Amino acid sequence: MAPFERHVFVCQNVRPEGAPRPSCTKDGKSELLPQLQQFVKAAGLGANVRINKAGCLDQCEHGPTVVVYPEAVWYGRVQAADAEEIVSEHLVGGRPVERLRLDEGCINTKSCPHRT
């Protein structure tokens, strides 16, 4: 079996009520993950693209968060309704969905202006 061309990680992290940072999901589930899986399969990418659940991706203020590797394209505030566009534009077409991309200044930093 050939290695996957892309891995897509979908944050499923749940923080306790009253936590200082928000959760990407309320209960560790969302429609986003199965929607991405469904559209990947429908596009015939199942052998090339792996959709994975992820724990905290440390982008809580931008959640739900999705990251696509190997390109390291980070998406924020992603909803289930965005899944088809991510698959068709990015995973099939090779063009990241700019309206969902996280600002580079917010990735892997403690000083993002969105952090509380």
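*Asks:* Teacher, can you tell me more about the overall build of the chain here?
*Replies:* Regarding its fold elements, the chain presents 2 helices and 4 strands. Moving toward the C terminus, one meets the helices and strands of the chain in the order β-α-β-β-β-α. Computed over C-alpha atoms, the radius of gyration of the chain comes to 14 Å, within 12% of the 13 Å expected from 2.2 N^0.38 for 116 residues, which places it in the range of a compact globule. Dimensions along the principal axes, computed over C-alpha positions, put the chain at roughly 40 × 30 × 25 Å. Scored against the burial criterion, the 116 residues of the chain give a buried share of 40%. Looking at the chain alone, contacts between residues at least 24 apart form 61% of all its contacts between residues at least 6 apart. Element-wise, carbon and sulfur atoms account for 51% of the exposed surface of the chain, whose accessible area totals about 6700 Å². Here the chain holds 14 positive side-chain charges and 14 negative ones, and the gap between their average locations is 5 Å.

*Asks:* Can you help me understand the pattern of salt bridges in this one?
*Replies:* Once their charged atoms are close, side chains differing in charge can pair, the charge on each being opposite to the other. Overall, the coordinates contain 7 salt bridges when judged by the stated rule. The shortest N-O distance in the salt bridge between aspartate 82 and arginine 99 comes to 2.7 Å. With a gap of 17 residues between them, aspartate 82 in the loop between β4 (73-75) and α2 (83-92) and arginine 99 in the segment after α2 connect regions that are remote in the sequence. Of the charged contacts, one joins glutamate 89 and arginine 95 as a salt bridge, the two residues approaching to 3.1 Å between their closest N and O atoms.

*Asks:* Looking at this structure, I do not really get the pairing of strand β1 (residues 6-11). What am I missing?
*Replies:* The two faces of the sheet receive side chains in turn, since in a regular strand these alternate between them. Examined bridge by bridge, β1 and strand β2 (residues 49-54) share 6 bridges and lie parallel to one another. Bridge pairing in β2 places valine 8 opposite isoleucine 51. The pairing of β1 with strand β3 (residues 66-69) spans 4 bridges and is classified as antiparallel. Residue phenylalanine 9 lies in a different strand from β3, and its bridge partner there is valine 67.

*Asks:* In this structure, what is going on with the packing of aromatic side chains? I would like to understand it.
*Replies:* How two aromatic rings sit relative to each other is given by the distance of their centres and the angle of their planes. The tally for this structure, following the rule as stated, stands at 1 aromatic pair. With centroids separated by 6.2 Å and ring planes inclined at 65°, the aromatic side chains of phenylalanine 9 and tyrosine 69 adopt a geometry described as edge-to-face. Of this pair, phenylalanine 9 sits in strand β1 while tyrosine 69 sits in strand β3, and the two are 60 residues apart along the sequence. By relative accessible area, which is 26% here, phenylalanine 9 ends up partly exposed. When its relative accessible area of 33% is taken as the criterion, tyrosine 69 is described as partly exposed.

Parameters and conventions
Residues numbered from 1 in each chain as written. Predicted model: local features only at pLDDT ≥ 70, side-chain atom pairs only at ≥ 80, totals over all residues. Heavy atoms only, no water. Helix = DSSP H or I, 4+ residues; strand = E, 2+ residues; numbered from the N terminus. Rg over C-alpha atoms; globule rule 2.2 N^0.38 Å. Buried < 20%, exposed > 50% of the residue type's maximum accessible area, 1.4 Å probe, protein only. Contact = heavy atoms within 4.5 Å. Areas by Shrake-Rupley, 256 points an atom, 1.4 Å probe, with all protein chains shown as cover. Lys, Arg positive; Asp, Glu negative; His and termini not counted. Charge placed at Lys NZ, Arg CZ, Asp CG, Glu CD. Salt bridge = Lys/Arg side-chain N within 4 Å of Asp/Glu carboxyl O. Pairing = 2+ DSSP bridges. Phe/Tyr/Trp six-rings, centres within 6.5 Å; stacked < 30°, edge-to-face > 60°.

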